[in-house]
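Chain by chain, the residues:
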Amino acid sequence: MAQHSLKIEVQGLSCAGCAGRAERALQSVPGVSDVSVNFANGTARMFTDGADLAQITNALEAANYPAREETVTLTITGMTCASCVGRVERALSAQSGVLDAAVNLTTETATVRYLPGATDAAQLARAATEAGYPARPSENTDHDDQFARRQAEIDHARRMTLIAMALALPVFVLEMGSHTIPGFADLIQNSIGKPTSWALQFALTTLALIWPGRGFFTKGVPALLRGAPDMNSLVALGTSAAWGFSTIALFAPALLPQGTRVVYFEAAAVIIALILLGRWLEVRAKGRTGAAIQKLIGLQAHTARVERKGEISEIPIEEVGVGDIVHVRPGEKIAVDGTVTNGTSYIDESMISGEPLPVEKITDDTVIGGTINGEGALTFRATKVGRDTMLAQIIAMVEDAQGAKLPIQSLADRVVRIFVPVVLAVAVLTVATWLAFGPDPALTFALVAGVSVLIIACPCAMGLATPTSIMVGTGRAAEQGVLFRKGDALQHLDEVRVIAFDKTGTLTEGRPSLTSLTPANGHDEDTTLRLVAAVEGQSEHPIARAIETAAKDRGLTLPKPETFKAISGFGLTARVDGHDLIVGAERLMQREGIDTTPLADTLDQIGGRGETPVFAAIDGQLAALLAVADPVKSSSRSVIDALHDRGLKTAMITGDTQATADAIAKDMGIDHVTAGVQPGGKVDAIKALRDQFGTVGFVGDGINDAPALAEADIGLAVGSGTDVAIDSADVVLISGDLSGVVNALHLSRATLRNIRQNLFWAFAYNTALIPVAAGVLYPATGMMLSPMLAAGAMALSSVFVLSNALRLRRIRPAMAKGAAS
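Computed from a prediction, not measured in an experiment: that's the story for all the values here.

Enquirer: Lay out the sheet that holds strand E10 (residues 325-328) in plain terms, naming residues and giving numbers.
Expert: The strand order E9-E8-E10-E16-E11-E14 describes an open sheet built from six strands, whose pairing is antiparallel. Both edges of this open sheet fall to strand E9 (311-316) and strand E14 (366-367), since each of them pairs with a single strand only. Where strand E8 (residues 303-308) lies against E10, three bridges are found, and the strand directions are antiparallel. Across the sheet, residue arginine 305 finds its bridge partner in E10, namely histidine 327.

Below is the structure:
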């Protein structure tokens, strides 16, 4: 069975350790490989090879991190019998991520239980429709619900934080006021009395632990009992120790040594409140890291005006099918991708391509879903719908990149895996050391130090350091027209030492024109052009189009070739009007034994001007040398300069002659030229560059250059139109402008720098403060770190990492389109 990717949403992840355990649980399932669990966005990605979905969900359930499930009801028409029901059920069950599907013929509905992320309601409806039974979701359970869930998570975190604070505040005032406010202790003693004060603190703290703090225990204690403690376990242990000691001091003081009968209810209550405050700030910030996705989702139209059976009606976007005729009024959003069949208008495509000026659209032009129509009315035929549209592909690419795991994260993962058990050991050692060597009351000092170690060491910041930066960085890149198809491309692009470019259509406009034709051996210019253009009319190469266009511009009628053969990397042979023609590069003439010396001087002149030479031979004799010029893109030189400024080498790989390539390279300042390369030779050229310079990035058009894009360490495809799903590329530049190369590099370096800052903070912070929490400063300074301060410091660590990652949202393009850096 073919291997395919699967993305699902995982619940219960509260720290990087949780993500690691969920990852290992999934890796234990037969047929599952390359698992990556993202703590920041709560998703798991994997490749499956015949793996049973039930086994996957059971493995996560057993690890206490269940997969999120959704149930959707589809309204289905066209079913007439039980066999129809069976066909619909089979079509739905065959979709990725579907756990079960039940179809009811009487109510004409289907109830589907599925894993969000693997599929969605619109895709399920489309599967039933394609099976011959039109369907639509009865309710929206897709991206809108995802946003609503995230908002509900934020609201819940805020509510629990406020409740915890309301319960902790009186406890804090009652206990700490006695130590900090003159006369407050006497006020308490003379009014309600210390026993009553402690009893109130006990009641409020207990309520805080079992209500807003309940989640720490329901998740942390089972994890601890399984021998896989997580952050919740640390909090549960720390607060339980403080609460338990205080409860004994209140209700059974005789069990404690004299001088240790004090309470720490305020520590347990305030720890819960502060950590919940940190989580509230954390989920709010995590929600903002996904702002780019929400912005892209917001571009999607919700309805479309579709013409069916001569009538125009407005239908939900999910019901639009390929081939439907869609009508668009002035100012409306284009619903799906399609081809214009009638009308003329200008469309604002800036939200997709970054191109600021509206683009004119006439019959047969392509329109993109999510873009905005101007003042004209258009009719177009839908060519791509649902997940196949350009906007959906962009959203999917950004989501995939945001869920990726970079190599740099592996160190953090290894540390996190052993971090919590080590912290538990350090806490036990701390308590034992204070009991053995600490001053009186040693038990009190031991409790304070042990709880502080447990609380401050939660590895949340480590788990957030990398994924949050990736989410914000790739989202910001998408807004600038740079799509990182693979998240690890962020790191690999930062390691590139040389950027190699394809020439035609990449460095040049890809719209060449014929600049000269020099006849030889007495051949007539128009006659020769007529025959050569007839041959080139059978080729799809841009140079062939230039020659054919030049002949038609002269009013020449082109005959149809009797025979035709394309020779990859060399040129063409054909028979036209009774003549045998050979058209192509000089190496083709040499291979066929045709003498090109009569036009040697002309060839040198053409090469010196940076134009491409095309030889033509008729009936075995040299007939002409044609010169074709492909204008260099206006941004090419400034892009090369910007790359040099960043310390990179540049190279050009082309099938042109060495003289032509050298002329173009000299004009643009390119360091290294590999010319005369046949299509298959680009791979070897990239290998040679890697041997000479190091890590190679290759920029090509993504179609003819697929092998080279795949061979390069980082392939950057210059996209255009709706063709963005270029499988061979790691990065897609949507606008087709080369400034995207510089911007991609800038974003890569900024994101990696941000990740390194986050990792340093997370590691250094925990490493430095654990000894402080254990009391290492006490012998010299008499200072102990309060468990409350430890909780605040732990929350601050995660908030700092998230805030630092969110700075990436303000990154501006390093290079404006078509301008110098």
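From this point on, the discussion continues.
Enquirer: Lay out the nonpolar core in plain terms, naming residues and giving numbers.
Expert: In this structure, Ile8, Ile56 and Phe501 are the most contacted members of the largest nonpolar core, which totals 138 residues. Here this core gets 15 residues from one element, more than from any other, and that element is helix H27 (residues 739-774). Dropping the residues within four chain positions of it, isoleucine 56 is found in contact with Leu6, Ile8, Leu26, Val29, Val32, Met46, Thr48 and Ala51. Judged by nonpolar contacts, the second largest core, of 29 residues, contains Ile395, Met397, Ala717 and Ala729.

Enquirer: Could you give an account of the pairing of strand E16 (residues 378-384), naming the residues involved and the relevant values?
Expert: Alignment of E10 against E16, held across four bridges, turns out to be antiparallel. By the bridge assignment for E16, valine 326 is matched with phenylalanine 380. Both strand E11 (residues 337-343) and E16 contribute to a ladder of six bridges, which runs antiparallel. Bridge pairing links threonine 339 to arginine 381 in E16.

Enquirer: For a nonpolar patch on the surface, give the residues involved together with the corresponding values.
Expert: Together, Leu169, Phe172 and Val173 make up a nonpolar patch on the protein surface, roughly 250 Å² of accessible area in all. Inspection of the secondary structure assignment puts leucine 169 in helix H5 (residues 143-180).

Enquirer: Kindly report on the packing of aromatic side chains, identifying the contributing residues and their values.
Expert: The description of an aromatic ring pair rests on the distance of the ring centres and on the angle between the ring planes. Tallying each qualifying case throughout the model produces seven aromatic pairs. Aromatic rings pair up to connect Phe202, Trp243, Phe251 and Phe265 into one cluster. In this structure, arginine 587 packs its charged tip against the face of phenylalanine 570, placed 5.6 Å from the ring centre. In this structure, arginine 591 packs its charged tip against the face of phenylalanine 570, placed 5.1 Å from the ring centre.

Enquirer: Give a detailed account of the packing of helix H7 (residues 194-210) against helix H9 (residues 231-251), specifying residues and quantitative values.
Expert: Here H7 crosses H9 at 150 degrees, and the two axes come no closer than 11 Å. Relative to H9, the element H7 lies roughly antiparallel. Here the hand of the crossing between H7 and H9 comes out left-handed. Contacts between H7 and H9 involve Pro195, Trp198, Ala199, Phe202, Thr205, Thr206 and Leu209 on the former and, on the latter, Thr239, Trp243, Thr247, Ala249, Leu250 and Phe251. In terms of residue class, the contact of H7 with H9 is built from nine nonpolar, four polar and no charged.

Enquirer: Could you give an account of unusual backbone geometry, with specific residues and numbers?
Expert: One non-glycine residue, lysine 309, adopts positive backbone phi at about 55 degrees. For aspartate 577, which is not a glycine, the phi torsion comes out positive at approximately 50 degrees. Mapped onto the elements of the fold, aspartate 577 is located in the loop between strand E21 (571-576) and strand E22 (579-584). The exposure class of aspartate 577 is partly exposed, given its relative accessible area of 40%.

Enquirer: Hey, could you go over the sheet that holds strand E15 (residues 372-373) for me, with residue numbers and the actual values?
Expert: Read from one edge of the open sheet, three strands run E13-E12-E15, paired in antiparallel fashion. Edge positions in the sheet fall to strand E13 (359-361) and E15, since each of these pairs with one other strand and no more. The pairing of strand E12 (residues 345-348) with E13 spans three bridges and is antiparallel. By the bridge assignment for E13, serine 345 is matched with lysine 361.

Rules used throughout
- Residues numbered from 1 in each chain as written.
- Predicted model: local features only at pLDDT ≥ 70, side-chain atom pairs only at ≥ 80, totals over all residues.
- Heavy atoms only, no water.
- Pairing = 2+ DSSP bridges.
- Helix = DSSP H or I, 4+ residues; strand = E, 2+ residues; numbered from the N terminus.
- Core = buried A, V, L, I, M, F, W, Y, C linked by side-chain atoms within 4.5 Å.
- Buried < 20%, exposed > 50% of the residue type's maximum accessible area, 1.4 Å probe, protein only.
- Contact = heavy atoms within 4.5 Å.
- Patch = residues over 30% accessible without salt bridge, like charges linked within 9 Å, V, L, I, M, F, W, Y side chains within 5 Å.
- Areas by Shrake-Rupley, 256 points an atom, 1.4 Å probe, with all protein chains shown as cover.
- Salt bridge = Lys/Arg side-chain N within 4 Å of Asp/Glu carboxyl O.
- Phe/Tyr/Trp six-rings, centres within 6.5 Å; stacked < 30°, edge-to-face > 60°.
- Lys NZ or Arg CZ within 6 Å of the ring centre and 35° of its normal.
- Axes fitted to C-alpha atoms, helices over the stretch in contact; angles between N-to-C directions.
- Parallel < 35°, antiparallel > 145°, perpendicular 65-115°, else oblique.
- Left-handed = near helix turned anticlockwise from the far one by under 90°.
- Nonpolar A, V, L, I, M, F, W, Y, C, P; charged D, E, K, R; others polar.

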